[in-house]
Amino acid sequence: MKTSKYRAAVALLFLVIVAGGLIFNLGLGTVSSFGFDKIAAICPLGALETFLASKTFVPSVFFAFLFFIVVAVIVGRAFCGWMCPVPLLRSVLGAEEKRISKGYPKGAKESEPDLEGKRADFAVADVQEEKAAFSSAKITDRSIPKGPFYVLFAALGSALVFGFPVFCLICPVGLTFGVILGVWSFFYTGSASWTLLLILAFLFLEIFFLRKWCHQFCPIGALISLVSIFNRSFRPKVSSGCYKLKGGLNCNRCSIACPEGIQLLYNPSSRELSRCIKCGKCADACPAHAIHFPLFSRKTSEDSLSQEKALTPSIASEEKVQVLDQTAPFSEKEAIAEASRCIQCGACEEKCPQKNPLRDYIRLLSEGRTQEAVKLLNASGSMPEACGRICPQDQLCESVCPLREYGGAIQIGRLTSLGGDLGLKKNWRRASVTKPRELKRKTVAIIGAGPAGLAAADVLCSFGVHTTVFDKEHEIGGLLTYGIPFFKLEKESLAKRRKLYEKQGIRFKLGVPIEEKNFIALTKDYDAVIFALGASAPVIPQFSDLAAADIIPAMDYLGSVNRLLLHETGTQPLDFVGKRVAVLGGGDTAVDCSRTSARQGASRTFMIARKELHVLKASKKDLALAIKEKVEVLDRCQILDIQRKQDQFLIQYVRGGSPETRKLVVDRIVCAYGFRVLYPEWLEKFISKNSQDNYEAGKNIFVAGEFRTGSRLATNAIEDGKEAAQAVISALRLGEAKK
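Here is a short report on the structure shown in this document. (Residues numbered from 1 in each chain as written. Predicted model: local features only at pLDDT ≥ 70, side-chain atom pairs only at ≥ 80, totals over all residues. Heavy atoms only, no water.)

For the rest of this paragraph, the subject is the environment of Thr605. Within the secondary structure, Thr605 sits in strand 12 (residues 604–608). A polar atom in the side chain of Thr605 sits 2.9 Å from the side chain of Ser597. (Helix = DSSP H or I, 4+ residues; strand = E, 2+ residues; numbered from the N terminus. Polar contact = N/O pair within 3.5 Å; in protein donor to acceptor, adjacent residues only side chain to side chain.)

The structure is reproduced here in structure tokens:
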């Protein structure tokens with residue numbers, strides 16, 4: 001069980017004891033009930049303020065203060081982590097300090113940690129140099145916040161000047177006890193007072209608007225830390241199982257989790273460790289379970305072992321592909337467990353074409369803050385429910401996860417699928433950006449309802465731009481709807497996304513093909529037009545004996561299957577039942593066609609690829625699933641000729657380095673050699689084809705997605721759509737809206 005539950009129980013018990021003391025008059029209370037001269041019974045700062053305010057020696061206060069010193073030497077700042085009610089209130093009220101990962105370097109390996117603006121180079125060739133660099137990377141006192149000590153001196157000075165512990169009137173700890181006293185007084189006497197409302201108002205302001213109070217302002221914590229510099233018990237220790245020590249991985253989990261920002265792996269000083277509040281959050285967050293709190297802090301043989309293994313990279317083992325369908329999202333409970341394994345290195349975020357905030361999303365999930373995590377992931381223009389299922393994570397984010405060697409890469413695809421699904425189901429998404437007044441009357445037409453067009457529309461709508469999306473198809477999604485099989489991406493999520501878009505204000509005009517005449521009308525009626533059509537023209541090999549209709553383009557095949565499942569009228573299903581099918585290509589589309597063919601009931605399905613199996617562009621996971629579904633992959637094949645023999649086709653090819661010509665007879669051929677952009681001839685009058693480095697291709701005419709870049713992944717198209725929308729926003733700020 002995580003220590004957070006124990007901490008909450010102890011803090012609640014402390015509050016109950018105080019409340020019980022008030023109710024039964026046991027002598028436990030605050031300055032409001034028993035006089036400021038006895039506040040030292042519960043507050044060490046109050047003891048010092050009492051001496052300064054009264055300017056006399058108070059024996060009871062003095063002995064109470066000595067008791068505090070003894071306790072602080074024994075357990076350090078444990079009061080802040082285990083009994084102080086303020087962190088508990090922040091957690092319950094959702095007012096915790098927002099910690100983000102900006103201050104931590106990104107990358108799978110810890111190579112150049114930045115400490116106080118200085119770079120400490122960790123060479124992996126020489127263990128002695130690594131050890132010296134590790135031990136020299138020491139946190140100095142300048143990293144300790146000075147704010148709490150300034151407030152401490154101000155509190156003591158005000159008590160001396162005014163003859164009263166002034167700080168007690170604004171201390172959130174004292175205000176919390178004041179609320180307990182006020183509520184007890186209300187039920188005891190039956191009369192309310194304005195004092196309780198004032199206390200509640202001050203406490204509300206400090207809880208919600210001074211979220212960094214504990215770390216940067218609290219004088220009680222500063223006072224305890226001055227004494228706990230002599231504390232040696234229950235100090236956090238890092239064992240040799242730490243990923244950073246064992247493999248040189250750039251793990252930041254303990255530093256990010258620590259409320260005081262203590263960096264345990266950089267040999268913190270005694271003064272730095274005196275700020276430790278013994279909360280155990282670092283141990284809870286450690287994915288390797290390598291942090292513990294021994295009774296006494298002393299150097300052990302395990303510490304020496306940690307130093308010997310410091311930053312020594314482990315030998316990379318051959319990655320094993322799990323032949324399991326991992327496209328289904330996690331449950332929330334499973335997601336928290338999987339996210340807790342993440343070391344927060346940020347390598348996945350750097351690899352992601354959209355640069356999605358994966359690091360903070362996964363961290364928030366690991367802390368159980370699901371709603372915050374989902375809102376962060378579901379920013380304008382993002383489509384995580386689709387990307388989590390169709391992106392080749394084993395080639396992108398998961399490919400750079402250093403935990404592949406430590407129990408497997410974090411399953412980021414399934415985590416993002418969960419975030420996308422929850423975002424659509426519960427409408428959890430980050431609040432729209434501020435809508436500039438000059439953009440609210442602007443109008444933009446987007447041609448193409450694929451990933452790029454939808455992402456652009458979402459971003460534009462978040463800025464208050466009136467956006468209309470046109471598409472020749474009757475459903476939104478483009479490739480996502482008609483090119484991705486149902487078993488990889490359920491179309492229900494696209495229907496939910498359409499409803500969300502329409503609720504936001506995006507208009508869709510579907511089943512409307514755009515030709516020259518209506519394009520000219522769009523340029524007159526709208527302030528800007530974005531072309532976001534996909535690369536739909538198939539690349540088909542030419543063979544003398546074959547007619548154009550003999551080879552089925554991949555998108556035609558997948559589209560016909562999806563249209564049938566979508567119950568679109570006029571769909572002509574392709575009969576693959578009991579047929580021998582050859583799919584040409586080695587990418588993700590070829591794998592999708594092969595798996596679809598096998599699922600349709602083809603007697604045998606062959607996927608003929610030119611490259612070796614281990615270097616194919618297709619996702620390793622999907623390829624493994626295809627093989628599991630009895631798809632026969634013929635890699636290293638060079639097709640020499642294809643001849644039609646009545647209702648069948650004879651494929652002649654050579655394989656590998658063998659000169660022997662092989663033959664394969666099939667009933668159907670599907671080509672998945674790729675796609676190219678098909679530019680309408682009339683469009684050349686309005687835009688330039690050479691616009692890959694510029695989103696604006698004509699006067700108030702923009703291009704996005706594959707129409708601009710050529711055939712790429714859906715995640716690249718989404719990112720390009722967002723960038724195109726930003727280009728449009730920049731351009732629209734220059735002119736006035738059309739009347």
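Now that the structure has been shown, the text picks up again.
Ranked by size, the top nonpolar core spans 43 residues in total, and within it Val444, Ile446, Leu460, Leu480, Phe508, Ile530 and Val728 carry the most contacts. Counting residues per element, the ones that place at least two in this core are helix 22 (384–390), strand 5 (443–447), helix 24 (451–462), helix 26 (492–504), strand 7 (507–510), strand 8 (528–531) and helix 32 (714–732). Apart from the residues within four sequence positions on either side, Leu460 is in contact with Val444, Ile446, Val465, Thr467, Ile530, Ala725, Val728 and Ile729. (Core = buried A, V, L, I, M, F, W, Y, C linked by side-chain atoms within 4.5 Å. Buried < 20%, exposed > 50% of the residue type's maximum accessible area, 1.4 Å probe, protein only. Contact = heavy atoms within 4.5 Å.)

So, about the packing of helix 29 (residues 588–600) against helix 30 (residues 620–628). Two measures define how a pair of helices packs: the angle their axes make with one another and the distance between the axes. Two numbers describe how helix 29 lies on helix 30: the axes approach to 10 Å, and their chain directions differ by 25°. Taken together, helix 29 and helix 30 sit at an angle that is classed as roughly parallel. By crossing handedness, the relation of helix 29 to helix 30 is classed as left-handed. Residues Asp588, Val591 and Arg595 of helix 29 form the contact with helix 30, whose own contacting residues are Asp622, Leu623, Leu625 and Ala626. Tallied by class, the residues present in the contact of helix 29 with helix 30 amount to four nonpolar, no polar and three charged. (Axes fitted to C-alpha atoms, helices over the stretch in contact; angles between N-to-C directions. Parallel < 35°, antiparallel > 145°, perpendicular 65-115°, else oblique. Left-handed = near helix turned anticlockwise from the far one by under 90°. Nonpolar A, V, L, I, M, F, W, Y, C, P; charged D, E, K, R; others polar.)

Attention now moves to the sheet that holds strand 11 (residues 580–584). The strand order across the open sheet built from five strands is 10-17-11-12-13, with neighbouring strands paired in parallel fashion. Each edge of the open sheet carries a strand with a single partner, namely strand 10 (552–553) and strand 13 (631–634). Of the strand pairs in this sheet, strand 11 and strand 12 are connected by five bridges, and their pairing is parallel. When the sheet's bridge partners are listed, Val581 is paired in strand 12 with Thr605. Each of strand 11, strand 12, strand 13 and strand 17 (668–671) is contacted by helix 29, which is oriented at about 170° to strand 12, the strand it contacts most. (Pairing = 2+ DSSP bridges.)

To continue, consider the packing of helix 3 (residues 44–54) against helix 4 (residues 59–75). At a closest axis distance of 9 Å, the pairing of helix 3 and helix 4 adopts a crossing angle of 145°. Once helix 3 is placed against helix 4, the crossing between them reads as left-handed. Contacts between helix 3 and helix 4 involve Pro44, Ala47, Leu48, Thr50 and Phe51 from the first element and Val61, Phe62, Phe65 and Phe68 from the second. Here the residues of the contact of helix 3 with helix 4 are counted per class, giving eight nonpolar, one polar and no charged.

Here we come to the pairing of strand 12. Summarising burial for strand 12: four of the five residues are buried, a large majority. Note that the unit made of strand 11, helix 29 and strand 12 has a crossover that is right-handed. One crossover worth recording links strand 12 to the parallel strand 13 by way of helix 30, and it is right-handed. (Right-handed = clockwise from strand over helix to strand, strands pointing away.)

In this description, an aromatic ring pair is defined by two values, namely the gap between the centres and the angle between the planes. Tallied over the full model, the rule gives 16 aromatic pairs. Ring geometry for Phe519 and Phe531: centres 5.3 Å apart, planes at 45°, overall tilted. Placement of the pair is Phe519 in helix 27 (residues 516–525) and Phe531 in strand 8, with a sequence separation of twelve residues. Neither Phe519 nor Phe531 differs from the other in exposure class; each is buried. Clustering of aromatic rings is evident, with ring pairs tying together Phe519, Phe531, Tyr679, Trp682, Phe686 and Phe707. One cation-aromatic arrangement involves Lys491 over Phe486; the distance from NZ or CZ to the ring centre is 5.3 Å. (Phe/Tyr/Trp six-rings, centres within 6.5 Å; stacked < 30°, edge-to-face > 60°. Lys NZ or Arg CZ within 6 Å of the ring centre and 35° of its normal.)

Attention shifts here to helix 3. Counting buried positions along helix 3 yields eight of eleven residues, so the element is predominantly enclosed. All of the buried residues along helix 3 are Pro44, Leu45, Gly46, Ala47, Glu49, Thr50, Phe51 and Ala53. Check the buried side of helix 3 and you find it contacts helix 4, helix 8 (147–162) and helix 12 (219–227).

By themselves, these figures tell us nothing about what the structure is for.
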